[in-house]
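# Working through the structure, step by step
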Amino acid sequence: MAGAQPTPADQAREAVVEAALRTLDLDTKARLLAGQDMWSLPALPGIGLRSLVMSDGPVGVRGVRWTADDPSVALPSPTALAATWDPELARRAGVLLAQEARRKGVHVLLAPTVNLHRSPLGGRHFECYSEDPYLTGVIGTGYVRGVQSGGVGTTVKHFVANDAETDRLTVNNLVPERALRELYLAPFEAIVRDARPWGVMTAYNTVNGTTMTEHHHLVNEVLRGEWGFDGVNVSDWTAARDTTGAIEGGLDVAMPGPRTVYGEALARAVRDGRVGEATVDAAVRRVLRLAARAGILDGAEPVVAAPPAPVDGEALAREIARRSFVLLRNERHVLPLKPHGTVALIGAAARDARILGGGSATVFPARIVSPLDGLTAALADGTLRYAVGADPATELPVAEAGFTLRAVCRDAAGEVIGTRSAPGGLIQWMGTDLPEGVTHETLHTVELTGTFTPRESGTHTFGIKGTGDFTLTVGGTTYYDDDQRPGDGDPFEAFFGAPVPRARIGLTAGEPVDVSLTHVVRLPENLPMRVVAFALAHCGPRRDADELIAEAVETARNADTAVVMVATTDRVESEGFDRRDLRLPGRQDDLVRAVAAANPNTVVVVNAGSPVEMPWRDEAAAVLLGWFPGQEGGAALADVLTGAHEPGGRLPTTWGSLADAPVTQVVPADGELRYDEGVFIGYAAWEKAGRTPSYPFGHGLGYTDWAYESLDVDGTTVRVRLRNTGERPGREVVQIYVAPAGPGPERPARRLAGFASADAGPGESTEVTVELPRRAFEVWDETAKAWACVKGSYEIAAGRSIADRRLTAPINV
Ligand code: BGC
């Protein structure tokens, strides 16, 4: 595959880039390739280059500050976006994110994440799209096109095979060549071909013996050589380890800074003759090209001169959420809710909504509509009752309700050098983002100080999240004064690790107490940038779990319908670690069973970004998968439960129990994780193992019914005629699967080769057309090192999921 032909505008930009490059000396070039801080590259005023700013991604644009006082829109999780099976919606999400990026002065979004759902235990499963490379590529293409149509760059990540988190900095993933090509590289390849991303992020992990930030073969030969990628290759944060290895391996930018393997070290390597200056020039050229595209290099016309029309972020977040919800089961048409019936809403997550997954994908929205808010607004007065039922949180949350806090910074002599308001108990200051008047050189301690006024009397627990020296004082008594060292050494432990309980104190409702948590700031040895990160955690008196369930059962018994929200937590689905099991945390399974036994009209809403086990699924009348639905999730849930809109999602990944799942391994043995299953992951592995999952890939019911009337295949063009046989308008995702029917190399029994959506009113028929890609009939030939078409007979199937195939037709290729 060759790169796309340059347009006249590309050529004009290239000329500006070349002219700028010629004027730079070696030290300046080497400096440009190294982050100057956590999120940006240095400005070079001499050539009219402004500082290039990057930000996570993928559900919003966090910006250069990791705090709630710099809000961003929060869209539904990537699994939810993929569940819409709608590349156009993904494109619109991208346009909105570009708008957010421009608002925040961000030029490159560190997204999308297109690693695959190889094992359901993968900790960042929620942040990736699917187990299927084709669906991942199509959704990722829509997303990248959208962001870049707003004039903002993307870095498709994490290149490649960062499909689990355990030992992610060191693990050597042993991936057979066919699996690498047919599965893990495939979404990157499709996005490079169809959306021309301006960037790629290379992963922490090693693939087949070479760490990805030094992978000459996969980066220089495959990504750039075969696919024609002309963008920037940026390292995952701290992933660049070796100056010559990285630059020779095609890594352009080492992030974050200021301490990196580039900058001075790179200039030295050129002077010592270990690296050719032309190699550095090639990297600088790509960085300048990115800057020119984004409009921050003087003299170069940006790719997008005028930003697209403004997008209403709240409305789009709500639309994507309801389009993503997957109705897994709906016995006796218990959904949509009957008008004017009474509803018992149950679950901690119904009140304290869990809208996104943890880790670097975290953003802080300006508002959150919880399910309780959404349903209260949508249902008639007096018809809704709420009960907590069970709390999924097994750890202390960051201090919030009842706290009035500020951060006080002091130097080594104890003098106050600056202060900043603290919206909650979380402090995360990175790089130069410090309170006014404070520098890393002068900062010695940060004290979070203020008052806490309890809502309830009883035993309150206070805890500390972070690494290093802390002093915790509540009501004048010091409860902790020591060095706290949790976790396993992942440098991001201070951000994402578990809080440790340090004090249990009896307090009285309404009576304020003084609270102080002081942290001695030390630059973590294993982080290259300056960062101040810790949190005060707190939880109020805990009620007896059985009592909470009994209360919920009573609430449910007296209602026409019970809606139970079950959820994972950010200690289950986050970054830097994998899951140990797929169970819902706490007593939530017991809660669902008890409520379902008390009310036959029990609807369970699953608030999780990736598969959870639902041992009670046949006891509930309906199961609705609500994902991590983003900031408007509660409003979207009300839209769908009341029937104002149908839940439009289809599973982008097979859901089943861990015991049945064919590919689960995420823990390396002796530093190696073997992808021995080859090309058989996801539905292909379930089919090969002859096992039936709880819910198959592609499944999702909606609120109407569909009859598949005809399937015509003409060459590689597939036409499907279908009819809405239900009583309300709906949208169907017509899925096309290709199954080899003749001899050939070992291949999945069938795979997704295309899909299209159809909208139709009750009784109406409609037709969709799907063009089958050549790849649907190809395998990677490891001997020839090329794609090879497997000639012979195939069965083409059109259906509602991989298991519900309605029409088939034989073809010969
Ligand atoms: C993550 C990346 C992210 C980066 C910056 C890393 O830990 O793996 O996905 O973009 O941090 O936050």
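The rules we used
Residues numbered from 1 in each chain as written. Predicted model: local features only at pLDDT ≥ 70, side-chain atom pairs only at ≥ 80, totals over all residues. Heavy atoms only, no water. Helix = DSSP H or I, 4+ residues; strand = E, 2+ residues; numbered from the N terminus. Rg over C-alpha atoms; globule rule 2.2 N^0.38 Å. Buried < 20%, exposed > 50% of the residue type's maximum accessible area, 1.4 Å probe, protein only. Areas by Shrake-Rupley, 256 points an atom, 1.4 Å probe, with all protein chains shown as cover. Lys, Arg positive; Asp, Glu negative; His and termini not counted. Charge placed at Lys NZ, Arg CZ, Asp CG, Glu CD. Near = heavy atom within 4 Å. Polar contact = N/O pair within 3.5 Å; in protein donor to acceptor, adjacent residues only side chain to side chain. Nonpolar A, V, L, I, M, F, W, Y, C, P; charged D, E, K, R; others polar. Expected span 1.5 Å × (residues − 1). Contact = heavy atoms within 4.5 Å. Salt bridge = Lys/Arg side-chain N within 4 Å of Asp/Glu carboxyl O. Pairing = 2+ DSSP bridges. Axes fitted to C-alpha atoms, helices over the stretch in contact; angles between N-to-C directions. Parallel < 35°, antiparallel > 145°, perpendicular 65-115°, else oblique. Left-handed = near helix turned anticlockwise from the far one by under 90°. Domains from an automatic or database assignment. Buried area = accessible area lost by both parts, 1.4 Å probe. Phe/Tyr/Trp six-rings, centres within 6.5 Å; stacked < 30°, edge-to-face > 60°. 1 Å grid on protein atoms, 1.4 Å probe; cavity = no way out; pocket = protein on both sides within 12 Å on 5 of 7 lines; lining within 4 Å. Points joined across faces, edges and corners; volume = space filled by probe spheres on them.

When helices and strands are counted, the protein shows 19 helices and 35 strands. Here the C-alpha atoms of the protein give a radius of gyration of 27 Å, agreeing with the 28 Å that 2.2 N^0.38 yields for 813 residues. Its C-alpha atoms give the protein principal-axis dimensions of about 75 × 70 × 55 Å. Out of the 813 residues in the protein, the part that is buried amounts to 62%. Summed over all atoms, the accessible surface of the protein reaches about 29,100 Å², with 48% contributed by carbon and sulfur. Between the averaged position of the 80 positive side-chain charges in the protein and that of its 104 negative side-chain charges there is a distance of 3 Å.

Taken together, 14 residues surround the ligand, and among them Asp-56, Arg-124, His-158, Asp-236 and Glu-575 come closest. The side chain of Arg-124 places a nitrogen or oxygen atom 2.8 Å from an oxygen atom of the ligand. Here the ligand has 310 Å² of accessible area as a free molecule, and 99% of this is covered by the chains. In the shell around the ligand, the residues fall into six nonpolar, two polar and six charged.

As a further point, take helix H4 (residues 87-103). Here H4 contains 17 residues, and its C-alpha end-to-end distance of 24 Å stays within 8% of the 24 Å for a straight helix at 1.5 Å per residue. Tucked inside the fold, the buried residues of H4 contact helix H3 (78-83), strand E2 (108-109), helix H5 (133-149) and helix H12 (313-324). N-cap assignment for H4: the residue whose side-chain oxygen lies 3.0 Å from the backbone N of Glu-88 is Asp-86.

This part takes up the pattern of salt bridges. With the rule as written, the count across this model stands at 61 salt bridges. Linking Glu-165 and Arg-168 is a salt bridge whose minimum nitrogen-to-oxygen distance equals 3.3 Å. For the pair formed by Glu-165 and Arg-168, the shared burial category is buried. Each of Asp-10, Arg-13, Arg-196, Asp-230 and Arg-293 takes part in a single network of salt bridges with overlapping partners.

What follows covers the sheet that holds strand E6 (residues 199-202). An order of E4-E6-E9 is seen for the three strands of this open sheet, with the pairing classed as parallel. The open sheet has two free edges, formed respectively by strand E4 (156-159) and strand E9 (232-235), since each of these has just one partner strand. Strand after strand, the sheet turns through a mean of 30° between neighbouring axes, direction not considered. Where E4 and E6 come together, two bridges link them in parallel fashion. Along E6, the bridge assignment pairs Phe-159 with Thr-202.

With that settled, the discussion passes to the packing of H4 against H12. For the pair H4 and H12, the least separation of the axes is 11 Å and the interaxial angle reads 150°. As summarised for this structure, H4 and H12 are arranged roughly antiparallel, according to the angle between their axes. For H4 against H12, the interelement crossing comes out left-handed. In contact with Leu-89, Arg-92, Ala-93 and Leu-96 of H4, H12 contributes Gly-313, Leu-316, Glu-319, Ile-320 and Arg-323. Of the residues contributing to the contact of H4 with H12, the split by class is five nonpolar, one polar and three charged.

The subject of this paragraph is the domain arrangement of the protein. Taken as a whole, the protein is organised into domain 1 (13-294), domain 2 (315-395 + 544-674), domain 3 (403-538) and domain 4 (704-812). The distance between the C-alpha centroids of domain 1 and domain 4 comes to 33 Å. For the pair domain 1 and domain 4, the summed buried surface comes to about 1,400 Å²; carbon and sulfur atoms form 55% of the total. Counting the surface domain 1 buries against domain 4, the share from its top three residues, Trp-85, Tyr-134 and Arg-178, is 46%. At the boundary of domain 1 with domain 4, the tally comes to four salt bridges. Here Arg-731 makes a salt bridge to Asp-86, at a shortest N to O gap of 3.7 Å. The tally of links between domain 1 and domain 4 comes to seven residue pairs in polar contact (both at pLDDT 80 or more). Put simply, the parts of the chain that give the side of domain 1 that touches domain 4 at least two residues each are H5 and helix H6 (177-184). Counting residues per element, the side of domain 1 that touches domain 4 draws most heavily on H6, which supplies four residues. Looking at the side of domain 1 that touches domain 4 residue by residue, the classes come out as six nonpolar, one polar and seven charged.

This paragraph deals with the packing of H6 against helix H7 (residues 186-195). Running from N to C, H6 and H7 cross one another at 45°; their axes reach a closest spacing of 5 Å. The angle between the axes of H6 and H7 places the two elements in the oblique class. Taking contact as the criterion, the partners of Leu-180, Arg-181, Glu-182, Leu-183 and Tyr-184 in H6 are, on H7, Ala-186, Pro-187 and Phe-188. For the contact of H6 with H7, a count of residues per class yields six nonpolar, no polar and two charged.

So, on to the sheet that holds E2. The three strands are arranged E1-E2-E3 in an open sheet whose pairing can be described as parallel. Both outer strands of the open sheet, strand E1 (54-55) and strand E3 (153-154), are each paired with one neighbouring strand and no more. Taken together, the two bridges between E1 and E2 define a ladder with parallel strand orientation. Among the inter-strand pairings, Met-54 is bridged to a residue of E2, identified as Val-108.

Another aspect to go through is the packing of aromatic side chains. By the definition in use, this model includes 18 aromatic pairs. Measuring from centroid to centroid gives 5.9 Å for Phe-452 and Phe-462, while their planes differ by 85°, and the two rings are edge-to-face. Of this pair, Phe-452 sits in strand E16 (residues 445-452) while Phe-462 sits in strand E17 (residues 458-465); the two residues are 10 residues apart in sequence, bridging distant segments of the chain. Assigned by exposure class, Phe-452 and Phe-462 land together as buried. Three or more aromatic residues joined by ring pairs form one cluster here, namely Trp-85, Tyr-134, Tyr-683, Phe-697, Tyr-737 and Phe-755.

Further remarks concern the layout of surface pockets. When its volume is computed, the second largest pocket comes out at roughly 910 Å³. For the second largest pocket, the lining is made up of 39 residues, of which Pro-133, Tyr-134, Arg-193, Pro-773 and Arg-775 are closest to its centre. Elements supplying a minimum of two residues to the lining of the second largest pocket: H4, H5, H6, H7, helix H19 (682-689) and strand E30 (751-760). Of the residues in the lining of the second largest pocket, the class split is 20 nonpolar, four polar and 15 charged. Domain assignment of the residues forming the lining of the second largest pocket places at least three in each of domain 1 (13-294) and domain 4 (704-812).

This part takes up the pairing of strand E29 (residues 730-740). Here E29 lies mainly inside the structure; 10 of its 11 residues are buried. Bridging between E29 and E30 involves nine bridges; their strand directions are antiparallel. Along E30, the bridge assignment pairs Arg-731 with Asp-759. The pairing of E29 with strand E34 (residues 793-799) spans six bridges and is classified as antiparallel. Note on E34: the bridge partner recorded for Gln-735 is Gly-799.

Between Met-255 and the following residue, Pro-256, the backbone shows a cis peptide bond with an omega angle of -10°. Within the element layout of this structure, Pro-256 appears in the loop between helix H9 (243-248) and helix H10 (264-271). Omega for the bond connecting Leu-335 with Pro-336 falls within 30 degrees of zero, at -5°, which places this linkage in the cis form. Residue position: Pro-336 is located in the loop between strand E10 (326-330) and strand E11 (343-346). You will see that Asp-167, though not glycine, has its phi angle at about 50°, which is positive. Among the structural elements, Asp-167 can be located in the loop between E4 and strand E5 (172-174).

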